[in-house]
Amino acid sequence: WQRLNNLEFATALGMRAVPLSAADGALRATGFVVISADGDHGVLVVEGLMPLGESQQYQLWLIRDGQRTSGAVFSTDEHSYAGTRIRAPRSLLEYSALDITIEPAGGSSGPTGKQVLGGMLRTP
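Fair warning: this is a prediction, and the values are worked out from it, not measured in the lab.

Overview of the nonpolar core
Reasoning step 1: Ranked by internal contacts, the top residues of the largest apolar core, which has 23 residues, are Leu 44 and Ile 100.
Reasoning step 2: Sorting the residues of this core by element identifies β2 (16–22), β3 (30–35), β4 (42–47), β5 (56–64), β6 (67–74), β7 (81–86), β8 (97–104) and β9 (115–120) as the ones contributing at least two each.
Reasoning step 3: Filtering out sequence-adjacent residues up to four positions away, Leu 44 remains in contact with Leu 20, Phe 32, Val 33, Leu 60, Phe 74, Ala 82, Gly 83, Thr 84, Ile 86 and Ile 100.

Have a look at this one:
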């Protein structure tokens, strides 16, 4: 965890794990993103995000040059846990950051809800 808290670490296979922090200090939510060495694949794991009602879901936004692209829409289970694959039109290595917001079920074309988690995918 100490290495994760230092932004990221690289495994022997070249994969990177990037920690996410709660946008609101009162939230106990945490998470991380694991990115393949080539940036073509990624997964998100979160815990501590409360399950939402049927009309809402969490949405992951990938940020590149100030523009946000949806990377996943997901719900947490009764234990406030979720894991999902990240889908992006570009290599994940091209994005600088990500955030997670609360959106209507099925997701939005752009962020409309409260940000709950976020993190830097590469150093500014």
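After that view, the rundown keeps rolling.
Regarding the packing of aromatic side chains
Reasoning step 1: Scanning the entire structure with this criterion turns up one aromatic pair.
Reasoning step 2: An angle of 25° between the planes, with centres 5.6 Å apart, marks the rings of Tyr 58 and Phe 74 as stacked. A residue pair is termed long-range when its members are at least 10 positions apart, and Tyr 58 in strand β5 and Phe 74 in strand β6 qualify at 16 residues. In this structure, Tyr 58 and Phe 74 share a single accessibility class: buried.

Regarding the confidence of the model for the protein
Reasoning step 1: Considering every residue of the protein, the mean pLDDT works out to 87; 86% of them sit at 70 or more.
Reasoning step 2: Contacts for the low-pLDDT stretch residues 1–10, under 50 throughout, to residues beyond four places or in other chains number 19 contacts.

As for unusual backbone geometry
Reasoning step 1: Residues other than glycine seldom take positive phi values, yet Asp 65 does so here, at roughly 50°.
Reasoning step 2: Residue placement: Asp 65 occurs in the loop between β5 and β6.
Reasoning step 3: By relative accessible area, which is 65% here, Asp 65 ends up exposed.
Reasoning step 4: Of note in this structure, Ser 80 is not a glycine but carries a positive phi near 65°.
Reasoning step 5: In this fold, Ser 80 is placed in the loop between β6 and β7.

Some words on the environment of Val 33
Reasoning step 1: Relative to the helices and strands, Val 33 is located in strand β3.
Reasoning step 2: Residue Val 33 is classed as buried on the basis of its relative accessible area of 1%.
Reasoning step 3: Separated by 13 residues in the primary sequence, Val 33 and Leu 20 have C-alpha atoms spaced 7.6 Å apart.

With respect to the environment of Ser 109
Reasoning step 1: Examined against the element boundaries, Ser 109 turns out to sit in the loop between β8 and β9.
Reasoning step 2: With relative accessibility at 81%, the residue Ser 109 sits in the exposed group.
Reasoning step 3: Placed 40 residues apart in sequence, Ser 109 and Thr 69 show a C-alpha to C-alpha distance of 8.3 Å.

What counts as what
- Position numbers for residues start from 1 in each chain and track the written sequence from start to end.
- Local features are withheld for residues below a pLDDT of 70 in this predicted model, meaning they are given only at 70 or higher, and side-chain atom pairs are given and counted only at 80 or more; totals for whole chains, interfaces and linings count all residues.
- No hydrogens and no water enter the side-chain calculation; it runs on all heavy atoms of the structure.
- By convention a nonpolar core is built from buried Ala, Val, Leu, Ile, Met, Phe, Trp, Tyr and Cys residues, the set being connected through side-chain atoms within 4.5 Å.
- Exposed residues in this analysis have more than 50% of their type's maximum accessible area, buried residues have under 20%, and partly exposed residues fall in between, with area computed by a 1.4 Å probe over protein chains only.
- Where helices and strands are cited, they refer to DSSP runs of H or I of at least four residues and of E of at least two residues respectively, numbered from the N terminus.
- For this analysis, residues touch if any pair of their heavy atoms sits within 4.5 Å.
- Two rings from Phe, Tyr or Trp (for Trp, the six-membered ring) form a pair when their centres sit within 6.5 Å of each other. Planes less than 30 degrees apart are called stacked, planes more than 60 degrees apart edge-to-face, and all others tilted.
- What pLDDT conveys is the predictor's confidence in a given residue, as a value from 0 to 100.

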